[in-house]
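# Understanding the architecture of this molecule
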6 protein chains.
Amino acid sequence: MSKRISIYRKEHFNAAHRLNSDLLSAEENARVFGKCNYPNYHGHNYELIIKVTGEVNPVTGYMIDMKVLSDMVKAEVIEKFDHKNLNLDTNEFKNLNPTAENIAMVIYDKLRSKLESTYDLKVILYETERNYVEYPA
Amino acid sequence: MSKRISIYRKEHFNAAHRLNSDLLSAEENARVFGKCNYPNYHGHNYELIIKVTGEVNPVTGYMIDMKVLSDMVKAEVIEKFDHKNLNLDTNEFKNLNPTAENIAMVIYDKLRSKLESTYDLKVILYETERNYVEYPA
Amino acid sequence: MSKRISIYRKEHFNAAHRLNSDLLSAEENARVFGKCNYPNYHGHNYELIIKVTGEVNPVTGYMIDMKVLSDMVKAEVIEKFDHKNLNLDTNEFKNLNPTAENIAMVIYDKLRSKLESTYDLKVILYETERNYVEYPA
Amino acid sequence: MSKRISIYRKEHFNAAHRLNSDLLSAEENARVFGKCNYPNYHGHNYELIIKVTGEVNPVTGYMIDMKVLSDMVKAEVIEKFDHKNLNLDTNEFKNLNPTAENIAMVIYDKLRSKLESTYDLKVILYETERNYVEYPA
Amino acid sequence: MSKRISIYRKEHFNAAHRLNSDLLSAEENARVFGKCNYPNYHGHNYELIIKVTGEVNPVTGYMIDMKVLSDMVKAEVIEKFDHKNLNLDTNEFKNLNPTAENIAMVIYDKLRSKLESTYDLKVILYETERNYVEYPA
Amino acid sequence: MSKRISIYRKEHFNAAHRLNSDLLSAEENARVFGKCNYPNYHGHNYELIIKVTGEVNPVTGYMIDMKVLSDMVKAEVIEKFDHKNLNLDTNEFKNLNPTAENIAMVIYDKLRSKLESTYDLKVILYETERNYVEYPA
């Protein structure tokens with residue numbers, strides 16, 4: 001029987017953002033997003049948990065090298081988003097509203113393309129201690 | 001491909017309870033529930049995490065409005081249970097033993113009836129930092 | 001030079017209570033204590049941190065044996081308050097309103113009488129993650 | 001003997017900021033503040049702990065009403081800073097670099113002027129889980 | 001419909017270990033495991049979460065008695081690994097590299113053999129706050 | 001009036017240790033230190049908080065550059081103790097029992113000699129989530 005196991009690695013970044021959709025009017029944006037629509041941005045300490053699932057290598061006892069995974073997350077995600085304004089400083093959110101849902105999906109796509117296909121991947125993103133998302137469900 | 005995502009919202013309430021089953025004798029209740037069966041109640045800071053799964057709205061970038069969800073949880077659960085004695089002050093636990101399992105299932109039923117059927121729902125309830133339950137499994 | 005150091009030991013207990021002062025009318029109690037005055041009690045997971053200050057024993061490298069301290073806290077505090085209704089089940093709060101302030105001061109008095117006088121003592125009591133007290137200041 | 005006790009109340013707000021001093025050149029600002037000087041702002045989930053010290057009221061068993069304190073903090077601090085850009089949206093940091101040190105001192109001054117002088121006050125501000133400040137020392 | 005629910009119980013143990021595989025050369029071990037391969041061991045505060053899934057007993061309102069589960073984990077795992085050197089003091093890791101993955105799988109096998117087969121079981125093991133594993137996936 | 005403020009910086013390291021005093025017999029060591037005296041070492045995830053107190057620089061708004069402080073702690077403490085066996089791999093604990101008290105005092109001396117004398121310094125060391133020390137008191 002194959003023995004699949006999941007590992008989780010937690011990283012973090014600090015960023016500014018503003019919720020605003022190009023597909024909504026100013027009134028609709030204000031109504032839907034409330035304080036998150038304030039024009040001059042606010043920000044968060046984002047806590048990012050990467051979950052990777054696969055089989056344990058019987059020689060090393062590792063499923064994946066946590067350091068290799070951490071370096072990949074740092075190169076693909078943290079370097080690009082940390083201490084940035086997601087709306088202004090990143091190509092990913094130029095035309096995409098930086099909700100927690102969309103940020104998690106963007107991070108998933110970045111890592112999915114770098115991770116070997118034998119691994120399953122999930123992204124868990126804490127916007128605050130009380131609000132977080134997981135993709136895919 | 002539909003892109004389903006989960007969001008989590010954390011709320012809390014403080015309540016008193018006592019574990020005691022109408023279907024057991026006093027001796028059995030004392031044996032099964034130990035200190036949790038003490039007659040004059042004890043209490044907990046319950047941490048409640050609501051997990052909702054669905055598709056992201058491409059216009060807003062929201063899967064569900066966290067504020068709407070939070071308000072629903074507050075109206076349906078927190079207002080009813082916060083600073084209450086679950087055994088004495090609530091209809092739900094008049095004849096139902098307020099174990100963490102039963103509290104989670106009661107909260108699930110309350111929210112399931114309010115939440116559109118396109119959403120999946122899970123309830124995670126921390127009775128203490130070291131004991132928690134998730135329903136459905 | 002004497003080298004004084006502080007050690008902290010964290011314990012916890014779960015209890016029910018109700019805030020109500022014998023020195024206030026029913027109306028005043030309801031106004032001052034709000035939901036905390038509900039008649040049938042509510043409860044908390046109390047996190048208790050004991051801080052002891054003294055000199056390090058050069059033979060052992062211990063300032064105080066953490067296990068001895070933990071056993072003292074368990075015997076003097078946890079055994080008496082855990083899974084109890086503070087208002088109904090304890091002598092200490094029969095005529096004393098079990099606010100966080102008063103609980104901390106009662107615990108201080110219990111431990112102060114057991115701890116050698118060369119040690120300084122502080123009690124930190126978390127009623128919730130967001131409300132806590134420290135005695136003496 | 002007077003019995004002084006401290007209570008702590010934890011609140012939070014999310015804000016954007018950028019570290020930049022009017023008294024330094026662009027090169028100096030970049031060197032001193034590094035990523036925190038990026039022009040388009042980043043942000044944080046600020047955790048704010050207010051510590052108040054005073055005597056316990058023997059009638060109520062309260063040193064201060066935690067709800068009154070929480071409402072004061074919300075009115076004086078949270079309403080003004082939450083979901084704001086500290087540099088652009090607040091008068092306090094128009095000409096003052098919003099370092100954690102300066103934010104804590106501004107919050108202290110706001111609350112000190114509202115709190116009766118018999119109370120001692122400290123402000124503890126977490127910028128991240130690993131970086132925080134306390135004022136006054 | 002059967003109503004399956006999951007409960008989680010958190011325990012902890014402190015242990016020393018060193019990552020080194022009998023199937024690799026000294027050079028390969030140093031390269032693969034880096035600082036974790038240092039010859040004289042290092043250690044961790046392991047946080048262990050046991051997840052058990054089953055149906056709620058309608059008489060008690062318990063799915064499983066948390067105390068019975070906790071005692072089983074203490075007897076089968078904590079007593080054997082707490083304050084031990086996993087490589088030197090345990091039979092389980094004499095010839096098995098004590099990676100988080102392997103420790104979780106060993107703990108799973110120990111508990112699986114004790115737990116009735118109607119229950120599902122998962123083991124979640126935190127090696128640090130930022131690195132953890134879940135078995136089975 | 002000078003305005004002194006404290007900043008806190010949290011770092012961590014993982015290490016193995018064994019409590020054993022050269023000044024005690026084997027029987028005394030076993031009695032005093034219990035499981036912590038087991039011959040083959042156990043280990044911890046040490047969380048280290050450095051508290052520095054001083055005046056805010058009115059030009060920068062910094063009391064101390066958190067990055068400079070973090071780099072100092074990494075160079076003086078983390079590099080030396082992380083993933084090490086404190087008893088075997090360090091000069092500091094060759095003849096000094098590595099209790100939390102002694103580790104905190106050793107770290108204090110290392111940093112005190114590097115930090116300008118205008119700053120006050122405290123070291124807070126968590127051996128576990130429930131046991132920690134602060135030096136000086």
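Computed from a prediction, not measured in an experiment: that's the story for all the values here.

## Re the overall build of chain A
A tally of helices and strands in chain A yields four helices and five strands. Written out in order from the N terminus, the α and β elements of chain A read β-α-β-α-β-α-α-β-β. Excluding contacts between residues fewer than 6 apart, the proportion of contacts in chain A whose partners are at least 24 apart in sequence is 69%. Of the roughly 5600 Å² that chain A leaves accessible, carbon and sulfur atoms contribute 50%. Taking the 18 positively charged and 20 negatively charged side chains of chain A as two groups, their mean positions are separated by 3 Å.

## Re the interface of chain D and chain A
Contacts between chain D and chain A engage 22 residues on the former and 22 residues on the latter. When chain D packs against chain A, close to 1800 Å² is buried across both sides, 50% of that on carbon and sulfur atoms. Sorting the residues of chain D by area buried against chain A places D:Asn40, D:Asn45 and D:His83 first, and these three jointly supply 33% of that buried surface. D:Lys35 is the partner of A:Asp82 in a salt bridge, and the nearest nitrogen-oxygen pair spans 2.6 Å. One can count 15 residue pairs in polar contact (both at pLDDT 80 or more) joining chain D with chain A. Going through the elements one at a time, strand E1 (4-17), strand E2 (42-55), strand E3 (84-85), helix H3 (86-89) and strand E4 (120-128) of chain D are the ones with two or more residues in the side of chain D that touches chain A.

## Concerning the relation of the copies chain D and chain A
Mapping chain D onto chain A calls for a rotation angle of 180° and an axial translation of 0.0 Å; the resulting RMSD is 0.0 Å. Accordingly, the operation relating the two chain copies is best matched by a two-fold axis. Here 100% of the contact residues of chain D are again contact residues in chain A; the copies associate through an equivalent surface.

## Digging into the pairing of strand E5 (residues 131-135) of chain B
On a regular strand, each side chain points to the face opposite its neighbour's, so the side chains alternate between the two faces of the sheet. Residue and element names in this part refer to chain B. Here E5 lies mainly inside the structure; five of its five residues are buried. Both strand E4 (residues 120-128) and E5 contribute to a ladder of five bridges, which runs antiparallel. Looking at E5, one finds that Ile124 is bridged to Glu134.

## Quick word on unusual backbone geometry
In most cases, non-glycine residues show a negative phi, while peptide bonds are predominantly trans. With an omega of -5°, the peptide bond between B:Tyr135 and B:Pro136 qualifies as cis. Its place among the elements puts B:Pro136 in the segment after E5. One non-glycine residue, C:His83, lies in positive phi territory at about 60°. Looking at the element boundaries, C:His83 is found in the loop between helix H2 (66-81) and strand E3 (84-85). For F:Tyr41, which is not glycine, the phi torsion reads 80° and is therefore positive. With respect to the helices and strands, the residue F:Tyr41 is situated in the loop between helix H1 (26-33) and strand E2 (42-55).

## Comments concerning helix H4 (residues 100-112) of chain A
All names here are of chain A. Between its first and last C-alpha atoms H4 spans 18 Å; for 13 residues at 1.5 Å apiece the expected length is 18 Å, and the two agree. Counting buried positions along H4 yields 11 of 13 residues, so the element is predominantly enclosed. If you check which residues of H4 are buried, you get Ala100, Glu101, Asn102, Ile103, Ala104, Met105, Val106, Ile107, Tyr108, Lys110 and Leu111.

## Here we look at the pattern of salt bridges
Applying the stated criterion to the full structure yields 63 salt bridges over all chains. Between F:Lys74 and F:Glu11 there is a salt bridge whose closest N-O contact spans 4.0 Å. Taken as a pair, F:Lys74 in helix H2 (residues 66-81) and F:Glu11 in strand E1 (residues 4-17) lie far apart in primary sequence, 63 residues in all. Within this structure, A:Arg9, A:Glu11 and A:Lys74 form a network of salt bridges that share partners.

## So, the environment of F:Val59
All names here are of chain F. Along the polypeptide, Val59 turns up in the loop between E2 and H2. According to the relative accessible area criterion, Val59 is partly exposed, its value standing at 33%. Taking the C-alpha atoms as reference, Val59 lies 58 Å from Ser25; in sequence the two are 34 residues apart.

## As for the packing of H2(F) against helix H4 (residues 100-112) of chain F
The description of two helices packed together rests on the angle between their axes and the distance between the axes. Residues and elements named next belong to chain F. Close contact between H2 and H4 brings their axes to 10 Å; oriented N to C, the two are set at 140°. As judged from the angle between their axes, H2 and H4 are oblique. Crossing handedness for the pair H2 and H4: right-handed. On the side of H2, the interface is formed by Met72, Val73, Glu76, Val77, Lys80 and Phe81, while H4 contributes Val106, Ile107, Lys110 and Leu111.

## Structural notes on the arrangement of the chains
The two units chain C and chain E never meet; even their closest C-alpha atoms stay 15 Å apart. In this structure chain A stays clear of chain F, and the shortest span between their C-alpha atoms is 15 Å.

## Overview of the environment of B:Thr99
By the element assignment, B:Thr99 lies in the loop between helix H3 (86-89) and helix H4 (100-112). In this structure B:Thr99 comes out as buried when scored by relative accessible area, which is 0%. With 82 residues separating them in the primary sequence, B:Thr99 and B:His17 have C-alpha atoms 8.7 Å apart. Not counting residues up to four positions away in its chain, the partners in contact with B:Thr99 are B:Leu19, E:Thr60, E:Gly61 and E:Tyr62. In this structure the side chain of B:Thr99 is engaged in a polar contact, spanning 2.7 Å, whose partner is the backbone oxygen of E:Gly61.

## So, the packing of aromatic side chains
All names here are of chain A. If you walk through the whole model with that rule in mind, you get 42 aromatic pairs over all chains. A centroid spacing of 5.8 Å and a plane angle of 55° characterise the contact between Phe81 and Phe93, whose relative ring orientation is tilted. Here Phe81, found in helix H2 (residues 66-81), pairs with Phe93, found in the loop between helix H3 (86-89) and H4; they are 12 residues apart in sequence, far enough to count as distant. Since its relative accessible area comes to 0%, Phe81 is described here as buried. Look at Phe93 and you get buried, because its relative accessible area is 1%. Cluster of aromatic residues (ring-pair linked, three or more members): Phe13, Tyr46, Phe81 and Phe93.

## Observations concerning the pairing of E2(F)
All names here are of chain F. Along E2, 13 of the 14 residues are buried, which leaves the element largely enclosed by surrounding structure. Judged from the 14 bridges that link them, E1 and E2 form a sheet pairing that is antiparallel. Paired with Ala15 across the strands is His44, a residue of E2. In terms of strand pairing, E2 meets strand E4 (residues 120-128) through seven bridges, oriented antiparallel. Residue pairing across strands places Ile49 opposite Ile124, the latter belonging to E4.

## Describing the side chain of F:Lys122
All names here are of chain F. For Lys122, the position within the fold is in strand E4. Of the side chains with opposite charge, Glu134 lies nearest to the buried Lys122, which makes no salt bridge, at 4.6 Å. In terms of polar contacts, Lys122 uses its side chain to reach the backbone carbonyl oxygen of Ala137, at 3.2 Å.

Quick notes on the rules
- Residues numbered from 1 in each chain as written.
- Chains lettered and ligands numbered in written order.
- Predicted model: local features only at pLDDT ≥ 70, side-chain atom pairs only at ≥ 80, totals over all residues.
- Heavy atoms only, no water.
- Helix = DSSP H or I, 4+ residues; strand = E, 2+ residues; numbered from the N terminus.
- Contact = heavy atoms within 4.5 Å.
- Areas by Shrake-Rupley, 256 points an atom, 1.4 Å probe, with all protein chains shown as cover.
- Lys, Arg positive; Asp, Glu negative; His and termini not counted.
- Charge placed at Lys NZ, Arg CZ, Asp CG, Glu CD.
- Buried area = accessible area lost by both parts, 1.4 Å probe.
- Salt bridge = Lys/Arg side-chain N within 4 Å of Asp/Glu carboxyl O.
- Polar contact = N/O pair within 3.5 Å; in protein donor to acceptor, adjacent residues only side chain to side chain.
- Least-squares fit on C-alpha atoms with pLDDT ≥ 70 in both.
- Buried < 20%, exposed > 50% of the residue type's maximum accessible area, 1.4 Å probe, protein only.
- Pairing = 2+ DSSP bridges.
- Expected span 1.5 Å × (residues − 1).
- Axes fitted to C-alpha atoms, helices over the stretch in contact; angles between N-to-C directions.
- Parallel < 35°, antiparallel > 145°, perpendicular 65-115°, else oblique.
- Left-handed = near helix turned anticlockwise from the far one by under 90°.
- Phe/Tyr/Trp six-rings, centres within 6.5 Å; stacked < 30°, edge-to-face > 60°.

Purely geometric stuff here, so don't read any function into it on its own.
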